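Close look at the chain arrangement
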Amino acid sequence: MESGIFHTTYRADMALRQTPAEKVRVVLAVLLVLCFPFFADRFYLTLANQIGIAVIGAIGLNLLVGYTGQISLGQGGFMAVGAYTAGLLTAQLGVPWYGSIPLACLATAVVGGFFGIPSLRLKGLYLVIATLAAQEIILWIVTHWDAVTGGVDALVVPDPTLFGIQMNTDFRFYWVIWGLAGLTILVTVNLFRTHIGRAWIAIRDQDIAAEVMGIGLFRYKLLAFATSSFFVGLAGALIAHYRNIVTWERFTVDVSVTYLAMIIIGGLGSVAGAIFGAVFITLLPVFLNDAGQALRGVIPNIDTILPFAEQAAFGIVIILFLVLEPRGLRRIWDRIKDYFRLWPFSY
Amino acid sequence: MRRGFTHQLNSSALDPGQRQLRIEGLGLHFGELVALDDVSLEIRQGEIMAIIGPNGAGKTSLLNCISGLYRPQKGRILFTNRGEHDTTRLSPDRIARLGIARSFQNIELFRHMSVLDNLLSGCSIHMKAGLLSCMLYWGKAEREQLAFRRFVEDIVDLLEIAAVRKQTVESLAYGLQKRVELGRALAMKPALLLLDEPMAGMNSEEKEDMARFILDVNEEHGITIVLIEHDMGVIMDISDRIAVLNFGSKIAEGSPDEIRADQAVIHAYLGDE
C-alpha cells in the first residue's frame, strides 16, 4: 500500500511506470507472453497469434480514431495494402519475408497518408464516408487488378524461412508476431509522451485551439494517418506471411467494423484499451462457440441456429458494453487497479 | 520583489515602446453583415492594450483576424518579431509560430489532458525532435521533454496551479481552467498575447487574481498584451491604452483617462441623453 507518489526528479515524474506495482505488472505481462507458448497447445497458440496481429492492428487504428479523433472505416483496406504488398514482394519479386514486412509497412503508410488528405476538409461522419470510400477503392483495385494481385484468386506466398528453418509454424511465428507487437506497444506509448502524441490529442479535443497553438492540422493529421497505417500495414503483412495465403475476403469492411469494435470496447485513446479490445474481440467468438457446443444436448437442432445465435450474441455483448461501460475495458481495469492500490484500507 | 525565474517567457526582441503590430484599414464582412469596417490600430511592445465595445462590436472578430482564424477582405496586418511579417493571409499555425498566442472567450482547453500536458502542448512549437526519436523516446526527444517539463513548472508557479497540475482540466473549476488557458498560451513563449475576456464569468476575487497574473506576465516578462474585457473597473486599472469599437468601427483610442472623457464612447455606451 502506498500513501502517495513523490518524485524528486523530472525524469522520474515523466517516467512511464511510476510505482513498484506498475513495474511488477509489466514484468508479469512480459513473462506471461514469454512463457505462454511453452505451455499452450496448437489451438491456443493459433489464437495467441491472431490476438498478437489484432493487437498491432488495433493500436494502429486507435492511434487514428481514439487519439487523433479521425474516425476511419478504411482499416480493412489498409490491411489489404500491407498484406498484398508483403505477399507480392515475396511471391513475385523474391524479396525475403523479413525485408518485405517493413516495405509493406511503408507502402501502407504512403497509401494511408494519401487517403488522409480529405481529413483536412472533412470531419466526423463525413470523414467516415470518405474512409469507407478508401476501403472500397482499395478492395476494388485488389479484386480487379488481375495482372498484379491475381484478382479474386488467392495469392500464395512462399513459406518464410530463416537460416533454412521454416518460420510460419504457430510456435515459431509466435515470436515474430509478439516481438513486433511488443515493439508496436513500446513505440506508440513513447509517442504519446512527446509533442507529436500531444499534438494528435490536441487535434481531437479542440482542433481550432490546436491550430492557434502552432500545431499544423494538415501536417499532423497526415502524420497520424501515415503512422496509423504503418502499423495496420504491419498487421496485414504478418497475416500474409503467417497464413501463406492472401485473399481479399479477409479485408472487407467487416474487418474495419470489427477493429472499430475492438477499440471502442477496449477503450478509445488508450494503448492498453486497444490490447484489451483485441484480446476480447478475438476470444469472444471462441467462447460463444464453446457455450453453443455445451448447449448441444439441451437444445435440439442447435447446429442450425448456432451461427446466427453467435452473431446475435456478439452484437448483444457489444451493446451491453456501450451502455454499461462506455469507456471500455480499460476503465474497468483502472478501477480494479485503484481498488487494490489502497487495499485493504480503501477509505 | 522579483521572482527568481530562470526562463524568460517573452520571445520578442523589440525594445519597449517599439511598434509590434500594425493593423491597416481592416475590413471583414460575412455576407451582408459588416463585422469590421476600416479598423486601424497600432500596438507597441510591452503595453497592455484593451479593446472594449458593446456586444457585437467586432472585438473577437478583430482578434480572430490577428490570429488568422478569419481572413479579412480588406486591409493588412503587419507583425514585427525578428523582421516584419505580413500575417494577413497566413494560416493560424504559422502566425502562432511567429510568436502570437491567444486564449479564447469560451475555454478551449484540451479537456482530456492533464494541466501539465496542456501546458506542454503549448510548447509544441519549440519541440523539434523527429518522429523516430519520439518513437524511441531517446536522445533529443527525451532531453527536450525533460527540459520543457522543467520550463512549464515555472508557469505552474507563476499561475499558482501547483496543486492541480496532474488533474484533468475538465475536472477543474472554471476559474482554474481560465488560468490554465493563460498558462498554455504563455508556454508558447509568445511575443504578443491576445486574451479574449480572460475574466468573463468570474467573481471579484478570481478577477483580482487574474488581473495580478496579467500584470505579472506584462511587467516581469515584458509580454505585450491585447485584451478584450467587459469589466470597466479592471480595464481602467490595468491597461495602458484602450481602443473602443462600435458596430465594427474604431470610435476612440487613448489612455484610460482620455477614454473616460470621450464623448463618442459615452454616446456608444449610454446612448443619447
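Residues numbered from 1 in each chain as written. Chains lettered and ligands numbered in written order. Predicted model: local features only at pLDDT ≥ 70, side-chain atom pairs only at ≥ 80, totals over all residues. Heavy atoms only, no water.

**What to know about the sheet that holds strand 8 (residues 224-228) of chain B**
All names here are of chain B. If you walk across this open sheet you meet the six strands as 6-7-8-3-9-10, and the pairing is mixed. Two strands close off the open sheet at either side, each with one partner strand: strand 6 (100-102) and strand 10 (249-254). In this sheet, adjacent strand axes meet at a mean angle of 20 degrees when their direction is disregarded. As paired strands, strand 3 (residues 48-52) and strand 9 (residues 241-246) are joined by four bridges and run parallel to one another. Bridged to A50 within strand 9 is I242. Taken strand by strand, helix 1 (residues 59-66) contacts strand 3, strand 6, strand 7 (192-196), strand 8 and strand 9, and its axis lies near 150 degrees from that of strand 7. Relative to the sheet, helix 10 (residues 263-270) contacts strand 3, strand 9 and strand 10, its axis offset from that of strand 10 by approximately 130 degrees. (Pairing = 2+ DSSP bridges. Helix = DSSP H or I, 4+ residues; strand = E, 2+ residues; numbered from the N terminus. Axes fitted to C-alpha atoms, helices over the stretch in contact; angles between N-to-C directions. Contact = heavy atoms within 4.5 Å.)

**Here's the deal with the pairing of strand 2 (residues 33-44) of chain B**
Across eight bridges, strand 1 (residues 19-30) of chain B lies against strand 2 of chain B in antiparallel orientation. In the strand pairing of strand 2 of chain B, L21 of chain B is matched with I43 of chain B.

**Regarding the pattern of salt bridges**
Residues and elements named next belong to chain B. Within this structure, the stated rule accounts for 23 salt bridges over all chains. Put simply, E153 and R165 hold a salt bridge, and the shortest N to O gap is 2.8 Å. Taken together, the residues E153 in helix 5 (residues 140-159) and R165 in the loop between helix 5 and helix 6 (174-186) connect sequence positions 12 residues apart. Judged by relative accessible area, R165 falls into the partly exposed class, the value being 25%. Between K207 and D231 there is a salt bridge; the shortest N-O distance is 2.8 Å. (Salt bridge = Lys/Arg side-chain N within 4 Å of Asp/Glu carboxyl O. Buried < 20%, exposed > 50% of the residue type's maximum accessible area, 1.4 Å probe, protein only.)

**Observations concerning the side chain of Q45 of chain B**
Residues and elements named next belong to chain B. Inspection of the secondary structure assignment puts Q45 in the loop between strand 2 and strand 3. Among the polar contacts made by the side chain of Q45, one reaches the side chain of S12 at a distance of 2.7 Å. The contact partners of Q45, leaving out residues within four places of it in the chain, are N10, S12, L14, D15, P16, G17, Q18, Q20, G222 and T224. (Polar contact = N/O pair within 3.5 Å; in protein donor to acceptor, adjacent residues only side chain to side chain.)

**Considering the sheet that holds strand 4 (residues 74-80) of chain B**
All names here are of chain B. Spatially, four strands are ordered 2-1-4-5 in an open sheet, and the strand pairing comes out antiparallel. Both outer strands of the open sheet, strand 2 and strand 5 (84-86), are each paired with one neighbouring strand and no more. Averaged over all pairs of adjacent strands, the angle between their axes in this sheet comes to 20 degrees, without regard to strand direction. As judged from the five bridges shared by strand 1 and strand 4, these two strands associate in the antiparallel manner. Residue pairing across strands places I23 opposite I77, the latter belonging to strand 4. Relative to strand 1, helix 1 is tilted by about 115 degrees, and along the sheet it contacts strand 1, strand 2 and strand 4.

**A word on the side chain of D170 of chain A**
Residue and element names in this part refer to chain A. Take D170: it is sitting in helix 8 (residues 170-191). Engagement of the side chain of D170 in a polar contact is seen with the side chain of Y242, the distance being 2.5 Å. When neighbours within four sequence positions are excluded, D170 is seen to be in contact with R42, L45, T46, N49 and Y242.

**A look at the packing of aromatic side chains**
Counted by the stated rule, this structure contains 19 aromatic pairs over all chains. An angle of 55 degrees between the planes, with centres 5.9 Å apart, marks the rings of F192 of chain A and W200 of chain A as tilted. Summarising the burial analysis for this pair, F192 of chain A and W200 of chain A share the class buried. Their ring planes at 75 degrees and their centres at 5.3 Å tell us that F280 of chain A and F321 of chain A sit as a pair that is edge-to-face. Note that F280 of chain A is positioned in helix 13 (residues 271-294) and F321 of chain A in helix 14 (residues 302-324), a separation of 41 residues in sequence. Judged by relative accessible area, F280 of chain A falls into the partly exposed class, the value being 23%. Geometry around Y137 of chain B places R193 of chain A over its ring, the cationic atom sitting 3.5 Å from the centre. (Phe/Tyr/Trp six-rings, centres within 6.5 Å; stacked < 30°, edge-to-face > 60°. Lys NZ or Arg CZ within 6 Å of the ring centre and 35° of its normal.)

**With respect to the domain arrangement of chain B**
Think of interface size as the accessible area that goes away when the parts come together; that is how it is often given. All names here are of chain B. For chain B, the assigned domains read domain 1 (17-99 + 190-273) and domain 2 (109-188). Between domain 1 and domain 2, the residue contacts involve 19 residues of the former and 12 residues of the latter. Carbon and sulfur atoms supply 70% of the area buried between domain 1 and domain 2, which totals about 1,300 Å² over both sides. Across the contact surface, domain 1 and domain 2 share two salt bridges. Taking the shortest distance from any N to any O, the salt bridge between E160 and R212 comes out at 3.3 Å. Run the count over domain 1 and domain 2 and you get three residue pairs in polar contact (both at pLDDT 80 or more). Those elements that place two or more of their residues in the side of domain 1 that touches domain 2 are helix 2 (92-98), strand 7 and helix 7 (204-221). The element best represented in the side of domain 1 that touches domain 2 is helix 7, accounting for seven residues. Classifying every residue of the side of domain 1 that touches domain 2 gives 11 nonpolar, one polar and seven charged. (Domains from an automatic or database assignment. Buried area = accessible area lost by both parts, 1.4 Å probe. Nonpolar A, V, L, I, M, F, W, Y, C, P; charged D, E, K, R; others polar.)

**Regarding a nonpolar patch on the surface**
All names here are of chain A. A contiguous nonpolar patch, built from V24, V26, V27, L28, V30, L31, L34, F38, F39, F171 and W175 and spanning about 1,100 Å² of accessible area, is present on the exposed surface. Listing elements by their share of the nonpolar patch, those giving two or more residues are helix 2 (20-39) and helix 8. A total of nine residues in the nonpolar patch trace back to one element, the largest contributor, which is helix 2. Within the secondary structure, L34 sits in helix 2. Relative accessible area serves as the criterion here: at 42%, L34 is assigned to the partly exposed category. (Patch = residues over 30% accessible without salt bridge, like charges linked within 9 Å, V, L, I, M, F, W, Y side chains within 5 Å. Areas by Shrake-Rupley, 256 points an atom, 1.4 Å probe, with all protein chains shown as cover.)

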